[in-house]
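Observations on the model geometry
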Amino acid sequence: MKLRVLGAFGSEGLGQRPSAFLVNDRVLVDAGSVSGALTVPEQLEVEHALISHSHLDHVTGLAFLSETLACCGARRPVTVASTEPIVDALKKSVFNNVVWPDFARIPDATTPVLKYRTLVEEAEQRVGELWVTPVAVTHTVPTVGFVIHDGTRGFVYSGDTGPTQALWSAARGLTSIRAVILECAFPSRLAALAEAARHMTPALIQRELDKLPPDVPIWIYHVKPQFFEETADELSRLGGGRVMMMEQDKTYSL
Ligand SMILES: [Zn+2]
Ligand SMILES: [Zn+2]
């Protein structure tokens with residue numbers, strides 16, 4: 001399984017793009033950045049977008065990807081998939097003909113460039129060539145993490161979350177899991193902000209470690225660019241080498 005990091009950050013900075021990952025060239029996991037990280041032919045290869053929640057740093061790339069598809073002769077739509085509250089939020093608050101056009105009706109309602117699919121929470125379902133289980137996590141708006149595998153290899157993706165439980169329980173005992181992709185937003189001194197915004201800090205991750213699937217590497221994404229060096233420095237001292245920062249534009253093999 002191939003995992004390409006299109007955006008590794010929890011916001012935008014100079015050369016630092018919001019969170020998005022591409023699995024096997026076809027399936028986006030979050031879409032904070034797409035068109036700024038992929039060529040047009042690469043964008044046209046995308047078939048599915050698994051979306052953890054409606055915050056801009058996870059969906060902005062869908063807006064511009066839709067435009068690419070509409071403008072550049074896409075042969076098929078991109079199917080945006082998540083649980084019901086998240087799909088609803090995208091329809092009502094983003095692709096609502098106010099913030100951005102309703103690309104589920106462009107060029108027309110029968111052959112649109114964007115389609116929506118509602119996933120069942122805590123059930124494993126087929127998305128392209130992958131198996132995907134969405135599990136609710138702990139954030140300020142409805143948010144899911146995903147357990148994703150291809151039958152033999154896969155990973156857990158946290159989405160935005162503070163300390164949580166159900167996602168780690170869902171991943172426990174799955175032998176296919178090769179990595180936990182875990183968010184961290186702020187340095188530990190900003191614990192109050194992390195608590196209010198429902199995000200992780202290195203100190204919170206330290207406490208979370210025992211809940212995670214054992215013996216699996218933890219790959220960190222979503223650090224806010226404003227606090228990157230301080231947070232990365234704290235993370236480098238965690239977990240005895242088990243915790244690693246994900247690099248933007250790098251492709252990981254699982
Ligand atoms: Zn975020
Ligand atoms: Zn968020």
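Scroll up for the structure.
Residues numbered from 1 in each chain as written. Chains lettered and ligands numbered in written order. Predicted model: local features only at pLDDT ≥ 70, side-chain atom pairs only at ≥ 80, totals over all residues.

As for the overall build of the chain
If you tally the helices and strands in the chain, you get seven helices and 14 strands. Since a compact globule built from 254 residues should have a radius of gyration of about 18 Å, the 17 Å found for the chain is in line with a globular shape. Projecting the C-alpha coordinates of the chain onto the three principal axes gives extents of approximately 50 × 40 × 30 Å. When burial is assessed residue by residue, the chain has 46% of its 254 residues classed as buried. (Helix = DSSP H or I, 4+ residues; strand = E, 2+ residues; numbered from the N terminus. Rg over C-alpha atoms; globule rule 2.2 N^0.38 Å. Buried ≥ 20, exposed ≤ 12 C-beta atoms within 10 Å, placed from the backbone.)

Observations concerning the pairing of strand β12 (residues 218–221)
Here β12 shows two buried faces, one formed by Ile218 and Ile220 and the other by Trp219 and Tyr221. Note: strand β11 (residues 177–183) against β12, four bridges, orientation parallel. Across the sheet, Val180 pairs through a bridge with Ile218, a residue of β12. Inspection of the sheet shows β12 paired to strand β13 (residues 243–245) by three bridges, in the parallel sense. Of the residues in β13, the one forming a bridge with Ile220 is Met245. Regarding the hand of the β-α-β motif, the stretch spanning β12, helix α7 (residues 228–235) and β13 is right-handed. (Pairing = 2+ DSSP bridges. Right-handed = clockwise from strand over helix to strand, strands pointing away.)

What about the environment of Leu56?
Residue position: Leu56 is located in helix α2 (residues 56–71). C-alpha separation for the pair Leu56 and Tyr116, spaced 60 residues apart in sequence, amounts to 18 Å.

Some thoughts on the pairing of strand β6 (residues 114–118)
Summarising the sheet, strand β5 (residues 78–82) and β6 pair through five bridges and their orientation is parallel. Paired with Ser82 across the bridge in β6 is Thr118. Traced from β5 through helix α3 (residues 84–93) to β6, the parallel crossover comes out right-handed.

A few points about the sheet that holds strand β1 (residues 2–7)
Taken together, the seven strands give an open sheet; going across it, the order is β6-β5-β4-β3-β2-β1-β14, and neighbouring strands pair in mixed fashion. With partners counted over all chains shown, the strands left at the sheet margins are β6 and β14 (251–253), one partner each. Put simply, the sheet's adjacent strands are angled 25° from each other on average, direction ignored. Inspection of the sheet shows β1 paired to β14 by three bridges, in the antiparallel sense. By the bridge assignment for β14, Lys2 is matched with Ser253. Its contacts with the sheet put α2 on β2 (20–23), β3 (27–31), β4 (48–50), β5 and β6, and the angle it makes with β3 is roughly 125°. α3 rests against β5 and β6 of the sheet, and its axis sits at about 155° to β6. (Axes fitted to C-alpha atoms, helices over the stretch in contact; angles between N-to-C directions. Contact = placed C-beta atoms within 7 Å.)

Thoughts on the nonpolar core
With 69 residues, the main nonpolar core has Leu28, Ala49, Leu50 and Ile220 as its most contacted residues. If one sorts the elements of this core by residue count, β11 sits on top with five residues. Dropping the residues within four chain positions of it, Ala49 is found in contact with Leu28, Ala31, Leu62, Val78, Val80 and Ala81. (Core = buried A, V, L, I, M, F, W, Y, C linked by C-beta atoms within 7 Å.)

Quick look at the environment of Gln43
One can find Gln43 in helix α1 (residues 40–45). Distance from Gln43 to Cys72, taken between C-alpha atoms, is 9.8 Å for residues 29 residues apart in sequence. Apart from residues no more than four positions distant in its own chain, Gln43 is found in contact with Val34, Ser35, Leu38, Leu65 and Thr68.

Re α2
Taking 1.5 Å as the rise per residue, α2 with 16 residues should run 22 Å; its terminal C-alpha atoms sit 23 Å apart, in good agreement. By the burial criterion, the buried members of α2 are Asp57, His58, Val59, Thr60, Gly61, Leu62, Leu65, Ser66, Thr68 and Leu69. Just past α2, the residue Gly73 takes up positive phi, approximately 70°. (Expected span 1.5 Å × (residues − 1).)

Some points on unusual backbone geometry
Excluding glycine, a negative phi dihedral is what most residues carry, and trans is how most peptide bonds are arranged. Residue Pro107 is bonded to the preceding Ile106 through a cis peptide linkage, with omega at 0°. Of note, Asp30 is a non-glycine position whose phi angle comes to about 65°, a positive value. With respect to the helices and strands, Asp30 occurs in strand β3. The exposure class assigned to Asp30 is buried, which follows from the 30 C-beta atoms found within 10 Å. Although it is not a glycine, His222 sits at a positive phi angle of roughly 75°. Topologically, His222 is positioned in the loop between β12 and α7.

Quick notes on the sheet that holds β12
The strand order β7-β8-β9-β10-β11-β12-β13 describes an open sheet built from seven strands, whose pairing is mixed. One side of each edge strand has no neighbouring strand; the edge strands of this open sheet are β7 (125–127) and β13. Within this sheet the neighbouring strands show an average axis-to-axis angle of 30°, counted without direction. Bridging between strand β9 (residues 144–149) and strand β10 (residues 154–157) involves four bridges; their strand directions are antiparallel. Among the inter-strand pairings, Ile148 is bridged to a residue of β10, identified as Phe155.

Purely geometric numbers; function is a separate question.
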